[in-house]
Structures are given as C-alpha cells and as structure tokens.
Amino acid sequence: MTTEIAYVDSGDEQVAYIVARFGPEGSWSVQDQRVATRDNGNAVERTRLRTQLGEVEIEFREASRQEISLTALVEERNRAGELDDLMQAAAAFAQENPPHHPGSIARFPVPVEHFGVAVGVPLPILAVDNLGRRGLYAPPRIVVMSWETGDAIGVREFPGFDPDDWPPRRIGEWPTPGATRLVPDQLDATIRRFSACWSRLIDAWFQQRASLDDVVRADAAEVTRLRQVLDPADMVEVYRRVNPRFATWLANIAESPGEMSR
C-alpha cells in the first residue's frame, strides 16, 4: 500500500486535505491512526483510510520548520482563515476607493515587487455577457496589501489594463466546471487546503526559502493541481502579470521531482 505524504499546519488543514482528496465525511472511514517516528527523529501521524478508491495511508508531517512536540501544545495556525480575511479586506478597501467596478471579486494574492513584504489581490469581474453566459472577466484593478499586517496599502490598475478597451476579456466560466462537480463540503475543503498551501508559498517567497525544500515543493505541486479546479485556466496568466518572477519560480518548483509518496 502506497503511503501519501501531506504537510499540514493544523488539524483543520489535515481534515481539509482528506475531504478535498476523498470526499465529504461518510464517503471514507478511518481504519487506523498512530504516531510514528521518522529516521530523522521527527514525529509524524500516520492515518489509514478506507475510501471509495480503496485503502490508503497518509503520513501527515508538520509543515512549519519547528518539530512536532508530543509533550507541549503547539499553537495551530489557521492559514486559510487568514488568507480569506485578507481577501475580504482587499475587496472592502476597493469598494471604499472608487472607481469600483460592480461584480468585482477578490482572488488569491500574489507577492508584488517594490512594495516590501506585500501582496497584490487581483479583482476580476463576475458578469453576464450579451449571450447570457456567466463568466469571469480580466481584472481592471489590483489591491496591494501588507502580508505582515493585512492592512491595505493602495489600489492601482491591473498591469496591462486598458480603460479604453472595455469590457475586459473573458477569462473563463464561473464557477469553474471543476468546482461545480464538487459537493459544498468538498469544495470548501479544497479552498481551505489550497489557501493553506498558497499562504506557505508566499511565506517561502518572502523568506527566500530554497526551491528544493520538501514542504515548498509539495505545496507548489498541490496548488498547481488544485488551482485547475478553483480557477479558470486563464487565471494563471492573471497571476503571472502580477509578478512574473513569482510565477516562474512557482512553475519551476512544481515541475521538480519531490518526495510525494513512498
């Protein structure tokens, strides 16, 4: 039986990983759960599940650099909640600082250049075209937020936006076909798992972590896979326009071989 390896920061992310991967509770069951010790002395939790795909074992490892402590409580970080709060704050700041475009929604933040430790939150537009197709349209604006404090720094036009070329180009269906195939609990878990991995990657970028770090590499592969479910394909280009260097860095890491199972 293959053992999957998953890096998590919290119990909530652990559950999100399982539900996103195997479906809502009730479609899988825990057969065994135990703490084990790796060759390097670090503690891990191994969980054996019975799923619709058969039996699978998952080895959950601590995503942060600190070792798991079996004798002291380790404060869990709710990365998905932090990212959601930041995106909501960006959307609110955009509304308070016109011109604001009706239908604007905040998508996932990307590190920005020349603003210190800050991220840009793109604001694509959700609208219906003349043919009655509901879709997501390229963002006219981007909100710059402090990654350290979550405070808004400012609003600016999205790179390459031309106000004389209206409406912006359509970048895909919304919600995405991949998202509509998931039941609500599984979609929520997928968003939480993606958000946690994405948050760690932004941390790694600002910390200038090595590209061969196991956690960074695993997170890059995970977000690349989950982004295909949560975002239209053309959103990849939107994120690239916010920061081409970050997009290249992420793509290179995601394509590098890593320890994903054993």
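Structure: above.
So, here is what we can say about the structure in this document. Quantities reported herein were computed from a predicted structural model and do not represent experimental measurements.

**Quick notes on the overall build of the chain**
Next, step 1: Each helix and strand in the chain was counted, giving 7 helices and 9 strands.
Next, step 2: Over its C-alpha atoms the chain spans a radius of gyration of 19 Å, differing by no more than 12% from the 18 Å that the globule rule assigns to 262 residues.
Next, step 3: Structurally, the chain occupies a C-alpha span of about 60 × 40 × 30 Å along its principal axes.
Next, step 4: Taken across its 262 residues, the chain has 47% of its residues classed as buried.
Next, step 5: Within the chain, contacts between residues separated by at least 24 positions form 63% of all contacts whose residues are at least 6 apart in sequence.

**Focus on a negative patch on the surface**
Next, step 1: Among the surface-exposed residues, E157, D162, D164 and D165 lie close enough to one another that they form a single negatively charged patch.
Next, step 2: The class for D162 is partly exposed, based on a relative accessible area of 37%.

**Description of the sheet that holds strand β1 (residues 3–8)**
Next, step 1: What the 4 strands build is an open sheet, ordered β1-β4-β3-β2; its pairing is mixed. Of all strands in the sheet, those bounded by a partner on one side alone are β1 and β2 (29–37). Strand-to-strand twist across the sheet, computed as the mean angle between neighbouring axes with direction ignored, equals 25°.
Next, step 2: Strand direction decides the pairing type here: β1 and strand β4 (residues 54–62), joined by 6 bridges, are parallel. Residue pairing across strands places V8 opposite E62, the latter belonging to β4.

**Some remarks on the pattern of salt bridges**
Next, step 1: Using the criterion set out here, one finds 26 salt bridges in the structure.
Next, step 2: Its salt-bridge partner being R21, residue E4 comes within 2.4 Å of it at the nearest N-O pair. Of the two residues, E4 sits in strand β1 while R21 sits in helix α1 (residues 11–22), which places them 17 residues apart along the sequence.
Next, step 3: Judged by its relative accessible area of 12%, E4 is buried.
Next, step 4: R192 serves as the salt-bridge partner of D12, at 2.8 Å between the closest nitrogen and oxygen. Of this pair, D12 sits in helix α1 while R192 sits in helix α4 (residues 184–207), and the two are 180 residues apart along the sequence.
Next, step 5: Overlapping salt bridges, with partners in common, bring together D9, E13, R77, R79, E82, R193, R200, D203, D219, E222 and R225 in one network.

**Thoughts on the nonpolar core**
Next, step 1: Counting 44 residues, the largest nonpolar core has F108, W198, W249 and L250 as the members making the most contacts within it.
Next, step 2: Counting residues per element, the ones that place at least two in this core are α2 (79–96), β6 (118–128), β7 (134–146), α4, α5 (214–230), α6 (235–242) and α7 (244–255).
Next, step 3: If one sorts the elements of this core by residue count, α4 sits on top with 7 residues.

**Here's the deal with unusual backbone geometry**
Next, step 1: For the bond running from P98 to P99, omega is 10°, close enough to zero to count as cis.
Next, step 2: Mapped onto the elements of the fold, P99 is located in the loop between α2 and β5 (110–111).
Next, step 3: With an omega of -5°, the peptide bond running from W174 to P175 counts as cis.
Next, step 4: Structurally, P175 is set in the loop between β9 (170–173) and α3 (177–180).
Next, step 5: The phi dihedral of H114 falls on the positive side, at around 70°, and the residue is not glycine.
Next, step 6: Along the chain, the position of H114 falls in the loop between β5 and β6.
Next, step 7: Of the residues examined, H114 reaches a relative accessible area of 82% and is grouped as exposed.

**Things to note about the pairing of β1**
Next, step 1: Counting buried positions along β1 gives 6 out of 6 residues, so the element sits mostly inside the fold.
Next, step 2: Neither face of β1 is left uncovered, since the one carrying T3, I5 and Y7 and the one carrying E4, A6 and V8 both have all their residues buried.

**A closer look at the packing of aromatic side chains**
Geometrically, a pair of aromatic rings is defined through the distance of the ring centres and the angle of the planes.
Next, step 1: Applying the stated criterion across every chain yields a total of 9 aromatic pairs.
Next, step 2: Geometrically, the ring pair formed by F161 and W166 is edge-to-face, given 6.2 Å between the ring centres and 85° between the ring planes.
Next, step 3: Since its relative accessible area comes to 18%, F161 is described here as buried.
Next, step 4: An angle of 85° between the planes, with centres 5.8 Å apart, marks the rings of W198 and F246 as edge-to-face. Taken together, the residues W198 in helix α4 and F246 in helix α7 connect sequence positions 48 residues apart.
Next, step 5: By relative accessible area, W198 is classed as buried at 1%.
Next, step 6: In this structure F246 comes out as buried when scored by relative accessible area, which is 2%.
Next, step 7: Three or more aromatic residues link up through ring pairs in this structure, and these residues are F108, F194, W198, W205, Y239, F246 and W249.

Here is what the cut-offs are and how they apply
- Residues numbered from 1 in each chain as written.
- Predicted model: local features only at pLDDT ≥ 70, side-chain atom pairs only at ≥ 80, totals over all residues.
- Heavy atoms only, no water.
- Helix = DSSP H or I, 4+ residues; strand = E, 2+ residues; numbered from the N terminus.
- Rg over C-alpha atoms; globule rule 2.2 N^0.38 Å.
- Buried < 20%, exposed > 50% of the residue type's maximum accessible area, 1.4 Å probe, protein only.
- Contact = heavy atoms within 4.5 Å.
- Patch = residues over 30% accessible without salt bridge, like charges linked within 9 Å, V, L, I, M, F, W, Y side chains within 5 Å.
- Areas by Shrake-Rupley, 256 points an atom, 1.4 Å probe, with all protein chains shown as cover.
- Salt bridge = Lys/Arg side-chain N within 4 Å of Asp/Glu carboxyl O.
- Lys, Arg positive; Asp, Glu negative; His and termini not counted.
- Charge placed at Lys NZ, Arg CZ, Asp CG, Glu CD.
- Pairing = 2+ DSSP bridges.
- Axes fitted to C-alpha atoms, helices over the stretch in contact; angles between N-to-C directions.
- Core = buried A, V, L, I, M, F, W, Y, C linked by side-chain atoms within 4.5 Å.
- Phe/Tyr/Trp six-rings, centres within 6.5 Å; stacked < 30°, edge-to-face > 60°.

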